[in-house]
Structure formats: structure tokens, C-alpha cells
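Okay, here's what each chain looks like letter by letter:
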Amino acid sequence: MLYLLNRGVITIILLFQVIIASAYELEDVQIHGFIGQGYVYTSGDGERDDDFLGGSTDLFEAGINYSFSSKNWFSTGQLVSRDIGEVPVNEEKLALDFLVLGGRLITSSSLDMQVRLGKIKTPFDNLDMLDIPTARDYIVEGLSRINFDLRSVGAVLDLLWYSGFGSFDVNVGYLRQQVDGKRALKLSDTVDYISHRAGFNPLLRVRWNSPGEMFNIAYSRRVYDFDYSLSEDNPKGFVGLSLNVPHDIYQSLSFAVFWGGSKLQFKRSHIDYNQHYELRAMQNDFLFFASNDKGSFDGYNLSYRYDFSQGFSINAALDYGKYKGESGLAMPMLGCYTKIVLAGIDYYIGSGWTLRSNFSHSKSNVNEIIDPQLGSSVNMFAAEIIYSF
């Protein structure tokens, strides 16, 4: 957990950076950042939200970023700090979110082409570096999604072509997903991280924007492969778990419509997964069991946002996702699902200050085929005050 002293130091650094940024106006360099403090209250029977039962202010995030641009070169980067609940997976005292160096290959009235190298926020769906608190529909859920799923190392070629039929935005990449295994796999005080490895895999995103940008269609495809190991010191001795994911394919198709101050978007996601894992006693390498899981995930999201001229905006979203597949652990068919209904109000106060609020109801089922009652139902209210500069 980030202590109050640590939060205070980060706040002072960010405020000091504001003074520096305003004192030195560099022609090709821009410095921005944000700091946010939230409150979350949950009720229900969801174990993952126990940190916020009865209400908690354990929601803090801050970041500072820069961007440099010249005729042929550009660079951008961001440092972030987060504390969400009590679990280590949601804590980052100070982390490099992204750091990119890029070069412009072609620049004309109808075609732009550039290449990016470094630690990159993966372009996927309609997401482009949305790791700032005012750009998300969710206050809490969106943090973990963007934090872990979109950090990668590698190279991306960006192509933007303008025509009378609209613009075509194409991203082709070769990336390796970045996971902080020591933090992401720290499930409890008895669990120790051993290793994590991810491979380089291709990425493709194609997005078409209509003339006047009244609507767009985006298709994304990415392949993952990785493996990790961890150990647990329990009363029966050390136990090791290894997981290998040789080939997961993530695909997404989204359609968005814009009119007035409104945005309506529908997105369908599909994942084909293949996993192999083993549980062994580390003292004698005795194999307790091994399993192969194969299946798929289908997700559907419908979201709406309307921006009023007075600084208010409202948003709503419906999420539904379901896993189907085969497991080697005496469960021939998996039928897990999640449902989320969300509504929120944002208010831009002025001078960089924004107040956000969300209410969501989520329901999940561990395995509806074994027992439809296995699952959880959680109501969550979240509010966050954010300062951006």
C-alpha cells in the first residue's frame, strides 16, 4: 500500500513540475500530468471487492508525461503511481508506463507514415494511450484493464491515409506484452514469484473514419504467448505452479457513431485460449496434477456518452462476457460469465479540476453448468477528484 507520506511526496513533485513547466516554455516540448484521489463504496458478496466494503479512500493515482516533436522525430513518455485497494496487483509506487521514440517516414497531404520503438501502449480497439483518468468510462475497473493489457515492448508502424472516402488508420506491430510478475503474481504473503516470460507476437489494427468523422469502424487482432512460475509456502511444504500459454488470439471489432456531443459505441471481443499448467511439490518435484484448458471468450460492450456545453457529461455502459471451453480439472465445460451495468456523471469544474462519479452493478458466475448459484453480485459507487495540467 502507498503510505500517506509517499502520496505527499508525489503530490509535491507533481506540483513542483507544474511550476517548472509554466516557467520554461519549450517550443517542441510539452509536459503534462494528473493526480487523482477517489472514494469507493461496495456492497454485495464479491470477494475481489472486499477492500472497499463499507467505503474506502484507498484509490489514488498520479502521473506525469512529456512529449517532444520535431520535423522528423518525436518522443513521449509517462511515469505513473497507483494504489487501488489492498492487493499488491493494484499497487505501483512508481512505474514507467510508456516511453517511445519515433520517426516520421512519410508526411504529405494524403499519407502519413511513422514508426515507434520502445515501451508502447498497445493500440487496440479505439484505445490510444487512454491511461489518464479523465479518458476512461470506468473509474476502478478500467485501471487494471489498461494498466496490464496495454503495456508492451517492441515496434509499431503507423500509417494514416486520407481519401474522399474518409481516413484509414493502420497499425502493424511486433510486440511483447509487459507484466510486472513480482507484483502481478503476488497473490498473498505466502506466494512468491519465480519467473515470467512473454514472447514477441504480431499486432494488427485497422480503423476507418468516415468523412467528417461521424462514425468509425475498428478491427484489432493480437497474439499472446507467455509462461510463468510461482511457489507457495504452505503448512504442507513448498508447492510450485507453472502456467504455459502457447498461443492466445485476441480479436475485437467495434463500431462508433458521433453526433452533436454524443458518442455511441458497440464492441465485440473474442479470445481463443490454450493453456497448460502443472502443480508440483518443490522438495521432490512430485507432480500433483497437470491440466490442459482450451476454449474461448466472447465479450460484448455497449457504451454511450453525451457531453453538455456546461461542463457536464453523462455516460452509461453494458458489459457481458462469457467463457466456453474444456478443462482438465474434472470440469468438462466451463460456463463462467460476467455482467456489468454502469452509469456515471462527470463535471469539469475548471482550471484543470474534474469530478467523476460512477455507479455499477456487476454479477458473475463461477460455473453456471455446475451450479448456477456459484458467483457474486456487487454494487459499487466510486467518485474521484482529478487535477490535470
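Here, every reference points to the structure presented above.
Residues numbered from 1 in each chain as written. Predicted model: local features only at pLDDT ≥ 70, side-chain atom pairs only at ≥ 80, totals over all residues. Heavy atoms only, no water.

Novice: I would appreciate a short explanation of the overall build of the protein chain in the present structure.
Specialist: When its secondary structure is counted, the protein chain shows 3 helices and 17 strands. Relative to its full complement of 389 residues, the protein chain shows a buried share of 42%. Across the protein chain, every contact between residues at least 6 apart in sequence was considered, and the portion connecting residues at least 24 apart equals 62%. (Helix = DSSP H or I, 4+ residues; strand = E, 2+ residues; numbered from the N terminus. Buried < 20%, exposed > 50% of the residue type's maximum accessible area, 1.4 Å probe, protein only. Contact = heavy atoms within 4.5 Å.)

Novice: Is there a simple way to explain the environment of Asn216 in this structure?
Specialist: With respect to the helices and strands, Asn216 occurs in strand S10 (residues 215-234). Assessed through its relative accessible area of 4%, Asn216 is described here as buried. Measuring from C-alpha to C-alpha, the distance between Asn216 and Phe168 comes to 9.7 Å, with 48 residues separating the pair along the chain. Here Asn209 takes part through its side chain, which lies 3.5 Å from a polar atom of the side chain of Asn216. (Polar contact = N/O pair within 3.5 Å; in protein donor to acceptor, adjacent residues only side chain to side chain.)

Novice: Sorry if this is basic, but what is going on with the pairing of strand S3 (residues 73-84) here?
Specialist: For a regular strand, side chains alternate in direction, first toward one face of the sheet and then toward the other. With 10 of 12 residues buried, S3 is to be regarded as a mostly interior element. Relative to S3, strand S2 (residues 56-69) is paired through 11 bridges, and the arrangement is antiparallel. Within S3, the residue paired with Ala62 across the bridge is Ser81. Between S2 and S3, which pair antiparallel and follow one another directly, the connecting turn spans 3 residues. Where S3 lies against strand S4 (residues 91-107), 10 bridges are found, and the strand directions are antiparallel. What sits directly across from Arg82, in S4, is Glu92. (Pairing = 2+ DSSP bridges.)

Novice: Just checking my understanding: could you explain the packing of aromatic side chains for this structure?
Specialist: For any pair of aromatic rings, the description consists of the separation of the ring centres together with the inter-plane angle of the planes. In this structure the tally under the stated criterion is 9 aromatic pairs. Ring plane angle 45° and centroid distance 6.4 Å describe the contact between Trp259 and Tyr304, whose orientation is recorded as tilted. Taken together, the residues span a long stretch of sequence, with Trp259 in strand S11 (residues 237-259) and Tyr304 in strand S13 (residues 286-307) at a distance of 45 residues. The class for Tyr304 is partly exposed, based on a relative accessible area of 29%. Taken together, the ring pairs connect Trp208, Phe215 and Phe255 into an aromatic cluster. (Phe/Tyr/Trp six-rings, centres within 6.5 Å; stacked < 30°, edge-to-face > 60°.)

Novice: Please clarify how unusual backbone geometry should be interpreted in this entry.
Specialist: Notably, Glu213 is not glycine yet its phi reads approximately 50°, a positive angle. Within the fold, Glu213 resides in the loop between strand S9 (200-209) and S10. Although it is not a glycine, Ser351 adopts a positive phi angle of roughly 55°. In this structure, Ser351 sits in the loop between strand S15 (337-350) and strand S16 (353-365). Since its relative accessible area comes to 65%, Ser351 is described here as exposed.

Novice: Quick question: what am I supposed to make of the pattern of salt bridges here?
Specialist: Within the structure shown, the criterion is met by 7 salt bridges. A salt bridge links Arg305 to Asp307; its shortest N-O distance comes to 3.3 Å. The class of Arg305 is partly exposed, set by a relative accessible area of 21%. In this structure Asp307 comes out as partly exposed when scored by relative accessible area, which is 37%. In this structure, the salt-bridge partner of Asp346 is Arg356, at a minimum N-O distance of 3.1 Å. Here Asp346, found in strand S15, pairs with Arg356, found in strand S16; they are 10 residues apart in sequence, far enough to count as distant. On the basis of relative accessibility, which here comes to 5%, the residue Asp346 falls in the buried class. Residues participating in the shared-partner salt-bridge network are Arg305, Asp307, Asp346 and Arg356. (Salt bridge = Lys/Arg side-chain N within 4 Å of Asp/Glu carboxyl O.)

Novice: Any chance you could explain the environment of Arg221 here in plain terms?
Specialist: Mapped onto the elements of the fold, Arg221 is located in strand S10. Owing to a relative accessible area of 32%, Arg221 belongs among the partly exposed residues under this scheme. For Arg221 and Pro202, which are 19 residues apart along the polypeptide, the C-alpha to C-alpha distance reads 8.3 Å.

Novice: Looking at this model, I keep getting lost on the side chain of Thr76. Mind explaining?
Specialist: If you trace the backbone, Thr76 turns up in strand S3. Classification of Thr76 by relative accessible area gives buried; the value is 16%. From its side chain, Thr76 meets the backbone oxygen of Tyr66 in a polar contact 2.9 Å long.

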